[in-house]
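Residue-level structure breakdown
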Amino acid sequence: MLNSFGITRSLAGPIRRAGSTRILVFSRVYSTGNKDASGPAAGTTRSSRAWIGVLAVTALASGLLGYSTAKTTNTAKTILDSPQRTHTKLNTVFGSPEDFRKAIEELKNALSDNDSVSTDSDDILAHGFSVNYHYPDSLHSVVVYPNSMEDVVKIVKIATKYRMPVIAYSGATSLEGHFQSHPVGGICVDMNRMDRILEIHEADSDLICQPAAKWMDINDILKEKGIPLFFPIDPGPGATLGGMLSTGCSGTNAVRYGTAKGEWFLNLTVVLPSGEVIKTRRRSRKSSAGFDLTKLFIGAEGTLGIVTEVTIRLAPLLPTTVAAVHFPDVRSATQAVIDVMNQGVGIQCVELLDDVFMAATNKYGVSKRKWPVKDSLFFKLQGPNRESLLESARIIKDVVEKYGGTGFSLAKDDQEADEIWSDRKNAPFSAFALIDGGRAIGTDVCVPVSNLPELVYETKKDVIESRLISTIIGHVGDGNFHAMLLYKTDEELERAKEIADRMVKRALALDGTCTGEHGVGVGKKKYLVEELGAGTVELMKTIKHAIDPLGLFNPGKLYPDTPSEPESLLDASSVQK
């Protein structure tokens, strides 16, 4: 799914399955039909309420344990562990190869469509390989294509019966290995047939859709229908709603609209590892009824359930324009952003593009202009009318010039604004123009905005000293930036990994996070204890164990290994023989 460096599906997934988001029902009016109180829209079943009670008790117990054993200081450092701490060990023992063969046969009988279950080698490879990350390929045993929530329930129950890992898959734009298989194999649940918009409620500014609906398609459909609303969470092209919420993503609009962990996902319908279906809440704009279970699944990376339906909030579509300005160095550019943000002007996005990125854009050859090869800022301005946009541009120009900004230019019309912004959105492709046949580690971190100039400056210096090539792009209005570390040889890959590791450690030392929007997956889980504290990570594992005691849902992702568990997803020594 996901993010500023998401590669389109044509690079990362099986093209024949991609499709476009299809609209099933279009309604401009609030749907007033009453629902049966026993249905999923009314809440949970008796067994799910019992599950929630168990979760509450275990979460409280683990929380008290974490509280009693972790201490914080007024520095960024947290005391992470104590001799009294116990560890929740997640299950790593799965079914045998014979069990998996039986499961595949049962899946073929359970799913009605002839092409809903695939063991084709090309299909298996397409779902286990990605150009987006550098981890060794790990292939699924089977790929299944559910058409409905009921199909997902059948798949989950068969997986439970035969102790087979279950990995959800949709946009394939993830960068941290979220959808690769466990080493023993497993069931890849390709959700791309569940891509419909089910209802649009213009008066309520919300929309109900299936998990494989793409954010770009949703916005295109709203525009085609003449509805002046849009979904503002904007990761990489091809990202789907299910993957976006599962990784807690964001994008260039985060400075104005926040992230997936805000209130943009109102409710979810989820198939739990038990096969039970729950709906996290009603469609009302707000609710204080109990736990916010919607957010429990946001950022859970498919480890707690498979989402089959989503209600999202929409925002008014306002006039925008784009401006660009250039700086002598990244430190000056990032310091200028801090000052601009404090002016209160209407900014929807502000992006840092370093000199290497600008050179890559020129070399890529798609842009209609030749950019100065300088560290630059691209602003997307937002306001109710043209006059407000011009006033914001005037204020920004005055501020950036105090920090050495030159060549400030404002798009003359919407077409030119789209062309300039397309150069920013082409970041994943333009970077590869710098090195023929190369690959990349695309990684991101986030820090408090005031710490960003130091972090970007030190990272750029590190890249130069390591003799590698990397573009740097930052959603600098909220302290988030990305490096796309290019490599061709194994030796260069190791150097790139070392740079990425130092980048994370600098961010943590500056009270930041190891991942601003890419998620954890395989690549970032080793940093979670240092970032969150052992008590917090233990609470996460306690919740995981309560909901998925067999550990079947996306195993090996998100949760750091305990000393008694394998050190890597690729260590299959614990597999049942």
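Residues numbered from 1 in each chain as written. Predicted model: local features only at pLDDT ≥ 70, side-chain atom pairs only at ≥ 80, totals over all residues. Heavy atoms only, no water.

Concerning the overall build of the chain
- Regarding its fold elements, the chain presents 18 helices and 21 strands.
- A buried classification covers 58% of the 577 residues belonging to the chain.
- Of the contacts formed within the chain by residues at least 6 apart in sequence, a portion of 76% connects residues at least 24 apart.
- Summed over its atoms, the accessible surface of the chain is roughly 23,300 Å², and 54% of this surface lies on carbon and sulfur atoms. (Helix = DSSP H or I, 4+ residues; strand = E, 2+ residues; numbered from the N terminus. Buried < 20%, exposed > 50% of the residue type's maximum accessible area, 1.4 Å probe, protein only. Contact = heavy atoms within 4.5 Å. Areas by Shrake-Rupley, 256 points an atom, 1.4 Å probe, with all protein chains shown as cover.)

Observations regarding the sheet that holds strand S21 (residues 480–487)
- Pairing in this open sheet of 7 strands is antiparallel, and the strands run S18-S15-S17-S16-S20-S21-S19 from one edge to the other. A single partner strand is all that each edge strand has here, and the edge strands are strand S18 (406–410) and strand S19 (439–446). Taking the axes of each pair of neighbouring strands and ignoring which way they run, one obtains an average angle of 15 degrees across the sheet.
- When strand S20 (residues 469–475) meets S21, the two strands line up antiparallel, connected through 7 bridges. Considered in S21, the bridge of threonine 471 is made with methionine 484. (Pairing = 2+ DSSP bridges. Axes fitted to C-alpha atoms, helices over the stretch in contact; angles between N-to-C directions.)

Re the nonpolar core
- Formed by 90 residues in total, the largest nonpolar core has its most connected members in Phe231 and Phe379.
- Broken down by element, the residue count for this core peaks at 8 residues, all from helix H16 (residues 490–509).
- Residues contacting phenylalanine 379, with those up to four places away along its chain left out, are Thr321, Val322, Ala323, Val325, Val340, Ile347, Cys349, Val350, Ile396, Val400 and Trp421.
- Among the nonpolar cores identified, the runner-up in size contains 28 residues, and Leu111, Ile187, Val189 and Val277 belong to it. (Core = buried A, V, L, I, M, F, W, Y, C linked by side-chain atoms within 4.5 Å.)

Comments concerning the packing of helix H10 (residues 330–341) against helix H15 (residues 452–465)
- Taken N-terminus to C-terminus, the directions of H10 and H15 make an angle of 160 degrees; their axes are 9 Å apart at the nearest point. Taken together, the axes of H10 and H15 lie roughly antiparallel to each other. Of the two elements, H10 crosses H15, and the hand of that crossing is right-handed. Mapping the contact onto sequence places Val330, Arg331, Thr334, Gln335 and Ile338 in H10 and Leu452, Pro453, Glu454, Val456, Tyr457 and Lys460 in H15.
- Here the residues of the contact of H10 with H15 are counted per class, giving 6 nonpolar, 2 polar and 3 charged. (Parallel < 35°, antiparallel > 145°, perpendicular 65-115°, else oblique. Left-handed = near helix turned anticlockwise from the far one by under 90°. Nonpolar A, V, L, I, M, F, W, Y, C, P; charged D, E, K, R; others polar.)

A word on the sheet that holds strand S5 (residues 142–144)
- An order of S4-S5-S7-S6 is seen for the 4 strands of this open sheet, with the pairing classed as mixed. Since the sheet does not close on itself, it has two edges, and those belong to strand S4 (117–118) and strand S6 (166–169), each with one partner.
- Here 2 bridges tie S4 to S5, and the two strands are oriented antiparallel to one another. Residue pairing across strands places valine 117 opposite valine 144, the latter belonging to S5.
- Of the strands in this sheet, S4, S5, S6 and strand S7 (187–190) touch helix H4 (residues 121–128), which is tilted by about 80 degrees from S5.

As for the packing of aromatic side chains
- Counting across every chain of the model gives 5 aromatic pairs.
- For the ring pair tyrosine 169 and phenylalanine 179, a centre distance of 5.1 Å and an interplane angle of 80 degrees mean the geometry is edge-to-face. Of this pair, tyrosine 169 sits in strand S6 while phenylalanine 179 sits in the loop between S6 and S7, and the two are 10 residues apart along the sequence.
- Residue classification places phenylalanine 179 among the buried positions, given a relative accessible area of 4%. (Phe/Tyr/Trp six-rings, centres within 6.5 Å; stacked < 30°, edge-to-face > 60°.)

Notes on empty space enclosed by the protein
- Counted according to the given criterion, the structure contains 4 cavities of 30 Å³ or more.
- For the largest cavity, the calculated volume is near 300 Å³.
- Lining the largest cavity are 21 residues, and of these Ala168, Tyr169, Gly242, Gly243 and Ser246 lie nearest its centre.
- Looking at the lining of the largest cavity, the elements that each hand over two or more residues are S6, helix H7 (241–247) and strand S13 (306–313).
- Ranked by the residues each element gives to the lining of the largest cavity, the list is headed by H7, at 4 residues.
- For the lining of the largest cavity, a count of residues per class yields 9 nonpolar, 11 polar and 1 charged.
- Each of domain 1 (97–190) and domain 2 (203–316) gives at least three residues to the lining of the largest cavity. (1 Å grid on protein atoms, 1.4 Å probe; cavity = no way out; pocket = protein on both sides within 12 Å on 5 of 7 lines; lining within 4 Å. Points joined across faces, edges and corners; volume = space filled by probe spheres on them. Domains from an automatic or database assignment.)

Side note on the environment of isoleucine 420
- Mapped onto the fold, isoleucine 420 is located in helix H13 (residues 414–425).
- In contact with isoleucine 420, other than residues within four places in its own chain, are Val322, Arg369, Trp371, Phe378 and Ala411.

Focus: the pattern of salt bridges
- One pass over the full model with this rule turns up 28 salt bridges.
- With its nearest N and O atoms 3.6 Å apart, the salt bridge here joins lysine 425 to aspartate 234. Pair noted here: lysine 425 is in helix H13 and aspartate 234 is in the loop between strand S10 (229–230) and H7, with a separation of 191 residues, a long-range link.
- According to the relative accessible area criterion, lysine 425 is partly exposed, its value standing at 23%.
- The salt bridge partner of aspartate 548 is lysine 544, with a shortest N-O separation of 2.6 Å. (Salt bridge = Lys/Arg side-chain N within 4 Å of Asp/Glu carboxyl O.)

Considerations on helix H18 (residues 534–547)
- For H18, which comprises 14 residues, the first-to-last C-alpha distance of 20 Å matches the rise-based estimate of 20 Å (1.5 Å per residue) to within 8%.
- Of all 14 residues that make up H18, 10 are buried, and the element is covered over most of its length.
- All of the buried residues in H18 are Ala534, Gly535, Val537, Glu538, Lys541, Thr542, Ile543, Lys544, Ala546 and Ile547. (Expected span 1.5 Å × (residues − 1).)

Side note on the layout of surface pockets
- Of the volumes computed, that of the largest pocket is approximately 1,000 Å³.
- If you go around the largest pocket, you meet 30 residues; those closest to its centre are Lys223, Leu317, Thr320, Lys380 and Asp418.
- Of all the secondary structure elements, the ones that give two or more residues to the lining of the largest pocket are helix H6 (215–224), S10, strand S15 (320–327), strand S17 (375–382) and H13.
- Tallied by class, the residues present in the lining of the largest pocket amount to 15 nonpolar, 8 polar and 7 charged.

A closer look at unusual backbone geometry
- Of note in the backbone geometry, serine 205 takes a positive phi value of approximately 55 degrees without being a glycine.
- Locating serine 205 in the fold gives a position in the loop between strand S8 (196–201) and strand S9 (206–209).
- Of the residues examined, serine 205 reaches a relative accessible area of 18% and is grouped as buried.
- Phi at leucine 558 is positive, roughly 70 degrees, even though this residue is not glycine.
- For leucine 558, the location among the structural elements is in the segment after H18.
- Its relative accessible area of 5% is what places leucine 558 among the buried residues.

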